[in-house]
Amino acid sequence: MAVSAVSPKIVSVVGARPQFVKVAPVHHEFQRLGIDHAIIHSGQHYDDSMSSSFFDDLALPEPAINLGAGSDSHAGQTATIMTRLDGALTQLRPDVVVIYGDTNTTLAAAVVVAKRSEVLVHVEAGLRSYNRRMPEEVNRIAADHLSHLLLAPTRTAMAILAREGLADRSRLVGDVMVDALRYVEQQVRVSPPTMPDGWRSGGEYVFATIHRAENTDTEMRLRYVLERLGSMHDDVRIAVHPRLAIRMKDARIVQPPSVSLWPALSYHQTIHALLGSLAVVTDSGGLQKEAALLARPCVTARHETEWLETVEAGWNIVDPQLITSIHDWSRMTRQPLAEEVFGDGHAAARIANSILHQVGTARD
Ligand code: UD1
């Protein structure tokens with residue numbers, strides 16, 4: 001672990017939509033502190049709507065290097081990122097590499113850096129679904145166990161890391177998505193983004209996103225999910241992830257009349273759609289939490305959630321069969337989520353400080 005004593009050079013490796021959101025507050029904090037921070041984009045997400053719109057919305061600089069990995073099998077995508085990242089790191093020569101969340105990009109970077117000399121830092125450490133069939137679960141376990149510094153979003157995550165013998169390497173920093181959300185929420189409330197053609201603001205609707213393999217990758221399950229969504233409300237709006245579009249097209253599935261399909265939304269558009277909604281149905285980790293933070297009831301179309309706090313606070317129902325009704329929603333909590341749960345919106349400052357402490361160059 002060779003680290004320059006003066007000011008470390010830091011590289012963040014990201015590649016998928018939620019990681020662009022997580023790196024934004026961290027990048028801006030490093031900038032504020034005058035730390036040299038570059039972004040490597042794996043290319044896991046590459047469509048404009050899945051990638052560059054997030055860089056624009058979140059005022060992120062162009063990535064220093066884009067590895068252009070693109071779509072492939074899990075093994076193929078991970079292997080491509082690994083091979084190309086190794087060369088990119090040799091070129092950029094950072095002291096510290098920061099990885100985020102639980103995607104194939106996270107896993108690839110963890111394995112590569114673990115065999116190099118850089119300090120490896122995992123942001124959003126300690127999340128578990130305890131479902132090993134989820135690719136993300138495998139990715140996050142490997143990332144946590146390979147990292148030198150584990151930055152956890154919640155007390156629950158800290159307790160999980162302690163149970164796995166990782167307490168010494170773990171720090172509670174709060175959830176960096178709160179930082180991003182609060183920043184963008186303010187902007188969206190002042191100047192609402194242009195929504196896709198035909199989107200009606202106002203009125204009551206349910207906002208939905210479905211993209212996980214468990215919901216999209218078998219035809220029977222996907223048909224079931226869309227049918228159930230159709231019966232939940234007479235205006236259900238799905239922001240369509242490419243994986244869902246591909247699976248619907250392949251299986252020639254047509255959505256029920258009460259369900260409308262919209263392109264994948266930018267981050268500002270997503271937060272605007274959320275703020276205008278009556279309730280949310282999703283299998284996304286991020287959206288469950290954003291719904292709770294913006295006081296919108298959420299139904300999670302999965303068997304489990306990593307964000308138990310949203311369930312305990314009464315904002316989230318884990319319901320893989322999607323049998324929750326609008327009456328159930330109306331009974332859900334109306335209390336905003338306490339700040340202690342996911343942090344105060346200053347996680348990025350704690351992340352930067354923890355990293356600087358780790359490499360022995362802490363700053364105020
Ligand atoms: C990935 C992450 C998941 C995260 C999600 C956010 C893994 C294992 N999963 O899932 O944790 O919640 O990102 O969106 O890393 N595609 C495009 N254009 C794009 C990106 C993807 O068409 O810009 C299509 C490809 O056909 C690809 C499919 O979508 O095969 C799935 O993309 P992939 O990156 O494999 O995983 P996600 O489902 O997006």
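Residues numbered from 1 in each chain as written. Predicted model: local features only at pLDDT ≥ 70, side-chain atom pairs only at ≥ 80, totals over all residues. Heavy atoms only, no water.

## Points about unusual backbone geometry
And step 1. Although it is not a glycine, Ala 59 sits at a positive phi angle of roughly 50°.
And step 2. Inspection of the secondary structure assignment puts Ala 59 in the loop between helix H2 (52-57) and strand E3 (65-66).
And step 3. For Arg 252, which is not glycine, the phi dihedral falls at a positive 50°.
And step 4. For Arg 252, the location among the structural elements is in the loop between helix H10 (242-250) and strand E10 (259-263). (Helix = DSSP H or I, 4+ residues; strand = E, 2+ residues; numbered from the N terminus.)

## A closer look at the sheet that holds E3
And step 1. Read from one edge of the open sheet, seven strands run E3-E2-E1-E4-E5-E6-E7, paired in parallel fashion. Every other strand in the sheet has two partners, leaving E3 and strand E7 (170-172) as the edge strands with one partner each.
And step 2. As judged from the two bridges shared by strand E2 (residues 36-41) and E3, these two strands associate in the parallel manner. Residue pairing across strands places His 41 opposite Asn 66, the latter belonging to E3. (Pairing = 2+ DSSP bridges.)

## Remarks on the sheet that holds strand E12 (residues 298-300)
Two strands in a sheet stick together by hydrogen bonds in their backbones, pointing the same way (parallel) or opposite ways (antiparallel).
And step 1. Ordered by their spatial adjacency, six strands build an open sheet running E10-E9-E8-E11-E12-E13, and the pairing between neighbours is parallel. Strands with a single pairing partner mark the edges of an open sheet, and in this sheet they are E10 and strand E13 (316-318). Along the sheet, successive strands turn relative to each other by an average axial angle of 20°, direction set aside.
And step 2. Examined bridge by bridge, strand E9 (residues 236-240) and E10 share five bridges and lie parallel to one another. (Axes fitted to C-alpha atoms, helices over the stretch in contact; angles between N-to-C directions.)

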